[in-house]
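Observations on the three-dimensional arrangement
Chain by chain, the residues run as shown.
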Amino acid sequence: MTSSTFEKNRIVVVLNRPIYGRNVGMCARAMANMGLDRLVVIGARGEIDVDAKQGAAHAQEVLASLIRYDSLADFTAAEGEGVRIALSGKDARLQISEDLVATLKLATSDPEHRIHSASTRIYLMFGPEDDGLSAEEMEICHFVCRLPTYGTITSLNLSHAVLLASYIVRSELDSVQAPHAVAGDAQLEGVVDERNSVKRWLEALGFDVSSPRINIEKTLNRILMSRTPTPDELRLLRTVLEQTIRKLKR
């Protein structure tokens, strides 16, 4: 996918129970900065009023075309399938959140992952300004991710979080080149083979990897594939995994 073929409504920003109308407007402006135009608001506690329009500045079109749902259930019923990414810094609520950049690189390294399909919408899910997404709200998401920060203050203003997350996701999608170079294809196929071996290895050990987030499989693959392995390293990893699987099946 390249910038010229990018469909701006493919990345959807979802604000769940936002409190302040002005923040909704500022999120619309952040989306316009990133070339996005599909904004979903669920159960807004504040009005989309003059403050919201002022916050949106030149992004009035994005704000005016926002889609409203009364509840999360209404949202999931109407929007259907897609890749849902919860953005949360509250790690202790559900699980240890994954770095958004690393999560996307892991997903896009698998050419069979549905994230490559132009018809797959990617939903960036944000909670209310005061307390973020609840554990139950994160349960419907395929990934729970955190945004990178370098300072001691790790929480972000809602519109800043929308801007940063949108930039990261769009940049990663834009960087996916197809077709890959021949040498790159061969190496990528090796990485995908090892990812599949990790999954079969965990299944042989008795782990349940059927969850939408597949936490343990995702985490192990991220650790093992955090850099591009050499062919010799891939062969060694495969040998270890396959031998373990054979012994467990005896």
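Keep in mind it's a predicted model, so treat the numbers as computed, not measured.

1. Comments concerning the side chain of arginine 84
Looking at the element boundaries, arginine 84 is found in strand E4 (residues 83-87). Although arginine 84 is buried, it forms no salt bridge, and the closest oppositely charged side chain is glutamate 81 at an N-O distance of 5.2 Å. Within the local environment of arginine 84, its side chain forms a polar contact with the backbone oxygen of isoleucine 140, the two atoms lying 3.2 Å apart. Discounting residues that sit within four places of it in the chain, arginine 84 has contacts with Phe75, Thr76, Tyr123, Met125, Ile140, Cys141, His142 and Phe143.

2. Topic: the confidence of the model for the protein chain
The share of residues in the protein chain with pLDDT of 70 or more is 77%, and the mean pLDDT across the chain is 80. Long-range and interchain partners of residues 1-5, a stretch whose pLDDT sits below 50, account for nine contacts in this model, where long-range means more than four residues apart. Ignoring residues within four places in sequence, the model shows residues 177-191, a span with pLDDT below 50, making 12 contacts including any to other chains.

3. A few points about the side chain of asparagine 23
Its location among the elements puts asparagine 23 in helix H1 (residues 21-33). Residue asparagine 23 is classed as buried on the basis of its relative accessible area, which comes to 11%. With residues up to four places along the chain from it excluded, the contact list for asparagine 23 reads Glu129, Asn157 and Leu158.

4. A closer look at helix H5 (residues 100-108)
Owing to its 3.6 residues per turn, the α-helix aligns residues three or four sequence positions apart on the same side. For H5, the set of buried residues is Leu100, Thr103, Leu104, Leu106, Ala107 and Thr108. Among the residues of H5, the N-terminal cap falls to aspartate 99, whose side-chain oxygen and the backbone nitrogen of valine 101 are separated by 3.1 Å.

5. Examining the pairing of strand E7 (residues 143-146)
Two strands pair when backbone bridges link them, and E4 and E7 are joined in this way by three bridges, in the parallel orientation. Residue pairing across strands places leucine 87 opposite cysteine 145, the latter belonging to E7. The pairing of strand E5 (residues 98-99) with E7 spans two bridges and is classified as parallel. Across the sheet, glutamate 98 pairs through a bridge with cysteine 145, a residue of E7.

6. Things to note about the nonpolar core
Ranked by size, the top nonpolar core spans 38 residues in total, and within it Leu15, Leu39, Ile85, Leu87, Leu100, Leu124 and Phe126 carry the most contacts. Per-element accounting of this core gives the leading share, seven residues, to helix H7 (residues 158-175). Look past the residues within four positions of leucine 39 in its chain and what remains in contact with it is Val13, Leu15, Val24, Ala28, Met31, Val62, Leu66 and Ile67.

7. Considering the sheet that holds E4
Pairing within the open sheet is parallel, and its seven strands lie in the order E3-E2-E1-E6-E4-E7-E5. The open sheet has two edge strands with one neighbour each: strand E3 (67-69) and E5. H7 rests against strand E1 (11-16), E4 and strand E6 (122-126) of the sheet, and its axis sits at about 160° to E6.

8. With respect to a nonpolar patch on the surface
A cluster of nonpolar side chains, contributed by Leu205, Phe207 and Leu248, occupies part of the molecular surface with about 260 Å² of accessible area. Its place among the elements puts phenylalanine 207 in the loop between helix H8 (182-204) and helix H9 (215-224).

Cut-offs applied
Residues numbered from 1 in each chain as written. Predicted model: local features only at pLDDT ≥ 70, side-chain atom pairs only at ≥ 80, totals over all residues. Heavy atoms only, no water. Helix = DSSP H or I, 4+ residues; strand = E, 2+ residues; numbered from the N terminus. Buried < 20%, exposed > 50% of the residue type's maximum accessible area, 1.4 Å probe, protein only. Lys, Arg positive; Asp, Glu negative; His and termini not counted. Salt bridge = Lys/Arg side-chain N within 4 Å of Asp/Glu carboxyl O. Polar contact = N/O pair within 3.5 Å; in protein donor to acceptor, adjacent residues only side chain to side chain. Contact = heavy atoms within 4.5 Å. pLDDT = per-residue confidence, 0-100. Pairing = 2+ DSSP bridges. Core = buried A, V, L, I, M, F, W, Y, C linked by side-chain atoms within 4.5 Å. Axes fitted to C-alpha atoms, helices over the stretch in contact; angles between N-to-C directions. Patch = residues over 30% accessible without salt bridge, like charges linked within 9 Å, V, L, I, M, F, W, Y side chains within 5 Å. Areas by Shrake-Rupley, 256 points an atom, 1.4 Å probe, with all protein chains shown as cover.

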